[in-house]
Amino acid sequence: MPSPYLEILRSPRIAAILLLGFSSGLPLALTGGTLQAWLTVTGVDIMTIAWFSWIGIPYLLKFLWSPLMDRYVPPFLGRRRGWMLLTQLALILGIAGMAFSSPNADLWLLGCLALWVAFMSASQDIVIDAYRADLLPAAERGMGAAVGVLGYRIAMLASGGLALILADQIGWRQTFFAMAALMAIGIATSLVAPEPALRGTPPRSLREAVIEPLKDLLSRPGAPQLLALIALYKFGDALAGTLTTAFLIRGVGFTLTDVGTINKGLGLVSLLAGGLVGGLLLVRMSLTRALLLFGALQAISNLSFALLAWAGKSYPLLVFAVSFENLASGMGTAAFVAFAMALCNHSFSATQYALLSALASLGRILFGPATGGLVEAMGWANFFVLTFVAALPGLWLVWQMRAQISAVDEASPQAS
């Protein structure tokens, strides 16, 4: 491996992004796939499970309170690390609270606690994303995106696959207590992580914190198309993932252990490989080419789940579908995160990145409840074919916006 790669991998900034990626990814599965599995095995109907996807609404709306995290500075650890620590402490309390609930006896309480965890998780994401955009120089952006995905997906294995296996062995309450304890990794990282060399000047007022980030984004050449690209690039991939766990358990008939070991375990290996390969390719490949290639692979990979639905319960097809989809998703996410970071101004990166990531989550959150009805109306196989079609508009926009993406790649905004 050439020495520039080794220097990047040895950077303390990259190590911090890896561990913070873990802290960011841990709560998401607990209110997503793992909660979905808990509801499924306790007999909750598919329509109710689909409506539980609205627990992810804070990820869509986090831009509403992100200006507070740009404007105000906690009295300890600075503007970014101070907010990290506060949100991580709140997450420990929320996840531990979920351990005391039950889908059978306390479905509404469980839903409210899951919503709290999602809210604090989205708040943590705001500040971690801002910290990453502020911390990484241009040369480390692609690998930073990759290792962020790496840490994130390791956490998804812990709170997804490992949690399902633990739930089979020790029960859901003890499993959620264990997940709360793992948040200590994020707290330790927040305490020792390096400060960004270029921190940006905090907005002088809350009004400025709200208005200036929008003005800055909308003043870019081709701004409406760029924002549409952010919204659509991961749409098909996200839509397919909304009910994947329920599909594998109820639609095809795999066990919790099958899903935990193959979908989550093998899926993690594929995602790690995809993220790292994507990050390495981004060092030498233009951002435009990466978005096109990785996005095409994302779209095609959804068809592998349609093939599994047509064929029925098949372990070889499960291995193929999980490996292909996660490899492509890891590569696509690395390119998308690098693109979003390049768009951010360091003075208000919390608000801008929150806006961009909320746009990326728009389709998954708004259309999540409809996926249950789509599956009942058209079946699992046709549903996954539909997710392939849903990925095509994003690819078309990448092709149409080639010049603007190249300009963003070559000269990202700096602190004002």
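Notes on the structure follow. (Residues numbered from 1 in each chain as written. Predicted model: local features only at pLDDT ≥ 70, side-chain atom pairs only at ≥ 80, totals over all residues. Heavy atoms only, no water.)

### Concerning the overall build of the protein
Then step 1. Of the regular secondary structure elements, the protein holds 20 helices and zero strands.
Then step 2. In terms of C-alpha radius of gyration, the protein reaches 20 Å, essentially the compact-globule figure of 22 Å for 416 residues.
Then step 3. With the C-alpha coordinates of the protein rotated into their principal frame, the extents come out at 55 × 45 × 40 Å.
Then step 4. Looking at the protein residue by residue over its 416 residues, the buried ones come to 58%.
Then step 5. Long-range contacts, defined as pairs at least 24 residues apart, comprise 85% of the intrachain contacts of the protein with a sequence gap of at least 6.
Then step 6. Working note: accessible area of the protein is about 15900 Å², and carbon and sulfur atoms make up 69% of it.
Then step 7. Averaged over its 24 positive side-chain charges, the protein has a centre that lies 4 Å from the centre of its 19 negative ones. (Helix = DSSP H or I, 4+ residues; strand = E, 2+ residues; numbered from the N terminus. Rg over C-alpha atoms; globule rule 2.2 N^0.38 Å. Buried < 20%, exposed > 50% of the residue type's maximum accessible area, 1.4 Å probe, protein only. Contact = heavy atoms within 4.5 Å. Areas by Shrake-Rupley, 256 points an atom, 1.4 Å probe, with all protein chains shown as cover. Lys, Arg positive; Asp, Glu negative; His and termini not counted. Charge placed at Lys NZ, Arg CZ, Asp CG, Glu CD.)

### Some remarks on the pattern of salt bridges
Pairing between side chains of opposite charge can happen when their charged atoms approach one another.
Then step 1. The full count for this structure, using the stated rule, is four salt bridges.
Then step 2. The closest approach of N and O atoms between Asp 129 and Arg 132, which form a salt bridge, is 2.9 Å. One end of the pair is Asp 129 and the other is Arg 132, both in helix α8 (residues 107-135) and three residues apart, which spans about a single turn. An identical accessibility class is assigned to Asp 129 and Arg 132; each is buried.
Then step 3. Between Glu 212 and Lys 215 there is a salt bridge, with its nearest N and O atoms 3.6 Å apart. Placement of the pair is Glu 212 and Lys 215 together in helix α12 (residues 206-218), with a separation of three residues, close to one helical turn.
Then step 4. With relative accessibility at 29%, the residue Glu 212 sits in the partly exposed group. (Salt bridge = Lys/Arg side-chain N within 4 Å of Asp/Glu carboxyl O.)

### Focus on helix α18 (residues 315-343)
Then step 1. Compared with the 42 Å implied by 1.5 Å per residue over 29 residues, the 42 Å span of α18 between its first and last C-alpha is a close match.
Then step 2. In terms of burial, α18 is a largely internal element, 21 of the 29 residues being buried.
Then step 3. Taking the backbone nitrogen of Leu 317 as reference, a side-chain oxygen 3.3 Å away marks Ser 314 as the first, capping residue of α18. (Expected span 1.5 Å × (residues − 1). Polar contact = N/O pair within 3.5 Å; in protein donor to acceptor, adjacent residues only side chain to side chain.)

### Topic: the packing of aromatic side chains
Then step 1. One pass over the full model with this rule turns up 14 aromatic pairs.
Then step 2. Following the ring pairs from residue to residue traces out a cluster consisting of Phe 247, Phe 305, Trp 380, Phe 383 and Phe 384. (Phe/Tyr/Trp six-rings, centres within 6.5 Å; stacked < 30°, edge-to-face > 60°.)

### A look at the side chain of Thr 175
Then step 1. As for its placement among the helices and strands, Thr 175 is situated in helix α10 (residues 172-182).
Then step 2. Within polar-contact distance, the side chain of Thr 175 engages the backbone nitrogen of Ala 167 at 3.3 Å.

### Looking at a nonpolar patch on the surface
Then step 1. Judged by side-chain polarity, Leu 68, Tyr 72, Leu 206 and Val 210 come together as a nonpolar surface patch covering roughly 310 Å² of accessible area.
Then step 2. In this fold, Val 210 is placed in helix α12.
Then step 3. Overall, Val 210 belongs to the partly exposed group, its relative accessible area being 38%. (Patch = residues over 30% accessible without salt bridge, like charges linked within 9 Å, V, L, I, M, F, W, Y side chains within 5 Å.)

### Thoughts on the nonpolar core
Then step 1. The biggest cluster of nonpolar side chains holds 111 residues, and the ones touching the most others in it are Leu 35, Phe 339 and Ile 405.
Then step 2. Ranked by the residues each element gives to this core, the list is headed by α18, at 14 residues.
Then step 3. If we skip the residues at most four places from it in the chain, Leu 35 touches Ala 29, Leu 30, Phe 52, Ile 55, Met 98, Leu 110 and Ala 114. (Core = buried A, V, L, I, M, F, W, Y, C linked by side-chain atoms within 4.5 Å.)

### Thoughts on the packing of helix α2 (residues 12-30) against helix α7 (residues 78-99)
Then step 1. Contact geometry for α2 and α7: axes closest at 11 Å, N-to-C directions at 30 degrees. Classed by the angle they form, the pair α2 and α7 counts as roughly parallel. Here α2 and α7 pass one another in a crossing that is left-handed. Along the contact surface, α2 presents Leu 20, Ser 23, Pro 27 and Leu 30, while α7 presents Met 84, Gln 88, Leu 91, Ile 95 and Met 98. (Axes fitted to C-alpha atoms, helices over the stretch in contact; angles between N-to-C directions. Parallel < 35°, antiparallel > 145°, perpendicular 65-115°, else oblique. Left-handed = near helix turned anticlockwise from the far one by under 90°.)

Note that all results are geometric; they support no functional claim without further evidence.
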